[in-house]
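Structural description and commentary
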Amino acid sequence: MSEVSSNSHSTELTSQYIAQVTGDLERNAKEQERVGAEIEALQEQLLALRHDHTVLVNMQDALGGPGSTPGAEAAAAPSVPHQVSAEPKQSKGKKAAATGAKKTAPKKPAAKTSSVKASTAAAKPTLVELIRGHLEKQTEPRSAAEITTALTQAHPDRSVKTTVVRTTLEGLVAKSHAHRTKQGSSVFYTTAVTSEPAPAEPQHDTVSD
């Protein structure tokens, strides 16, 4: 009898362990999906920030802003061999100045390539802009899956995933740029209609008077 009871206890323990392990696996998979979606959304934001950075750098170079530091470095370089002209290490200073000039030279075509990349990237809107534009055109609520299929058909060159679209929609809802409605187990999204410019008109009238 003792052997039978011990066998029953062991089977109960193994079944409990199996249930715990399966539950942990499901939670782990859901957490991986959530973190992966957040990472993809952050990557989209990072790409947009990098694009803005390159555009600003190109504008700074075109306007002749503080990007004149390489000229200052080139002006400061020849002063070093004049001071050490009495020492036999003069050749090393000249070599260092030459190598420094060579290193600064290839930066000019890099700026050109970055401007080309910036111009090509400017033609592609971000995922947030695409989602907001799609919601503004819709008259009925749309789910994340429907928005994903519509964006995939409209932009076949971009890989749009439902998880990324859902997280982006939740971000828009958090910023009051979109509304979320629930119908049963399905979630639908609509654009947030704001009437902000209406109270601004009487203010202009009073100023004109």
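Just above sits the structure.
The paragraphs below set out a description of the structure included in this document.

What counts, and where the lines are drawn
- Residues numbered from 1 in each chain as written.
- Predicted model: local features only at pLDDT ≥ 70, side-chain atom pairs only at ≥ 80, totals over all residues.
- Heavy atoms only, no water.
- Helix = DSSP H or I, 4+ residues; strand = E, 2+ residues; numbered from the N terminus.
- Buried < 20%, exposed > 50% of the residue type's maximum accessible area, 1.4 Å probe, protein only.
- Contact = heavy atoms within 4.5 Å.
- Areas by Shrake-Rupley, 256 points an atom, 1.4 Å probe, with all protein chains shown as cover.
- Patch = residues over 30% accessible without salt bridge, like charges linked within 9 Å, V, L, I, M, F, W, Y side chains within 5 Å.
- Salt bridge = Lys/Arg side-chain N within 4 Å of Asp/Glu carboxyl O.
- Axes fitted to C-alpha atoms, helices over the stretch in contact; angles between N-to-C directions.
- Parallel < 35°, antiparallel > 145°, perpendicular 65-115°, else oblique.
- Nonpolar A, V, L, I, M, F, W, Y, C, P; charged D, E, K, R; others polar.
- Core = buried A, V, L, I, M, F, W, Y, C linked by side-chain atoms within 4.5 Å.
- Arc of directions from axis to C-beta.
- Pairing = 2+ DSSP bridges.
- Left-handed = near helix turned anticlockwise from the far one by under 90°.

A count of helical and extended segments in the chain gives nine helices and two strands. In sequence order, the chain lays out its α and β elements as α-α-α-α-α-α-α-α-β-β-α. Burial status across the chain gives 13% buried among its 209 residues. Counting only contacts in the chain whose residues sit at least 6 apart along the sequence, the fraction spanning at least 24 positions is 55%. Taken as a whole, the chain presents about 15,900 Å² of accessible surface, with 59% of it coming from carbon and sulfur.

In this section: a nonpolar patch on the surface. On the surface, Val-55, Leu-56 and Met-59 cluster together into a nonpolar patch covering about 270 Å² of accessible area. Along the polypeptide, Val-55 turns up in helix H1 (residues 2–63).

Turning next to the packing of helix H6 (residues 127–137) against helix H7 (residues 144–154). For the pair H6 and H7, the least separation of the axes is 11 Å and the interaxial angle reads 110 degrees. Taken together, the axis directions place H6 and H7 in an arrangement best described as roughly perpendicular. Every residue of H7 that contacts H6 at Leu-127, Leu-130, Ile-131, His-134 and Leu-135 is listed here: Ile-147, Ala-150 and Leu-151. Within the contact of H6 with H7, the residues separate by chemical class into seven nonpolar, one polar and no charged.

Right, let's talk about the pattern of salt bridges for a bit. All chains considered together, the criterion is met by seven salt bridges. Here Glu-31 and Arg-34 are joined by a salt bridge, their closest N and O atoms 2.3 Å apart. One end of the pair, Glu-31, and the other, Arg-34, are both in helix H1, three residues apart, so they sit about a helical turn from each other. Given the relative accessible area of 40%, Glu-31 is considered partly exposed. Among the residues examined, Arg-34 registers a relative accessible area of 40% and is labelled partly exposed. Of the charged contacts in the structure, one is a salt bridge between Arg-34 and Glu-38, with a shortest N-O distance of 2.7 Å. With a gap of four residues between them, Arg-34 and Glu-38 both fall in helix H1, about one helical turn apart.

Our focus in this paragraph is unusual backbone geometry. Across residues other than glycine, the phi torsion is negative in most instances, and most of the peptide bonds are trans. Positive phi, normally seen in glycine, also occurs at Ser-176, with a value near 65 degrees. Along the chain, Ser-176 turns up in the loop between helix H8 (162–174) and strand S1 (178–183).

Of all hydrophobic cores here, the largest spans 14 residues; its most connected members are Leu-127, Ile-131, Leu-135, Ile-147, Leu-151, Val-165 and Leu-169. With residues near it in sequence (within four places) discarded, Leu-151 still touches Leu-127, Leu-130, Ile-131, His-134 and Val-160.

Every buried residue of H6 is accounted for by Leu-127, Leu-130, Ile-131, His-134 and Leu-135. Down the axis of H6, the smallest arc covering the buried residues is 130 degrees, so these residues share one side. For H6, the exposed residues set more than 90 degrees away from the buried face come down to Glu-136 and Lys-137.

Bringing the pairing of S1 into the picture now. Pairing between S1 and strand S2 (residues 186–191): six bridges, direction antiparallel. Within S2, the position partnered with Thr-181 by the bridge is Phe-188. The hairpin formed by S1 and S2 contains two residues between the paired strands, and Gly-184 there has a positive phi angle of roughly 70 degrees.

Now for the packing of H7 against H8. Interhelical geometry of H7 versus H8 gives an angle of 115 degrees and a closest axis separation of 9 Å. Both H7 and H8 take part in a crossing whose hand is right-handed. Here Ala-144, Ala-145, Ile-147 and Thr-148 of H7 lie close against H8, whose contacting residues are Thr-162, Val-165, Arg-166 and Leu-169. Within the contact of H7 with H8, the residues separate by chemical class into five nonpolar, two polar and one charged.

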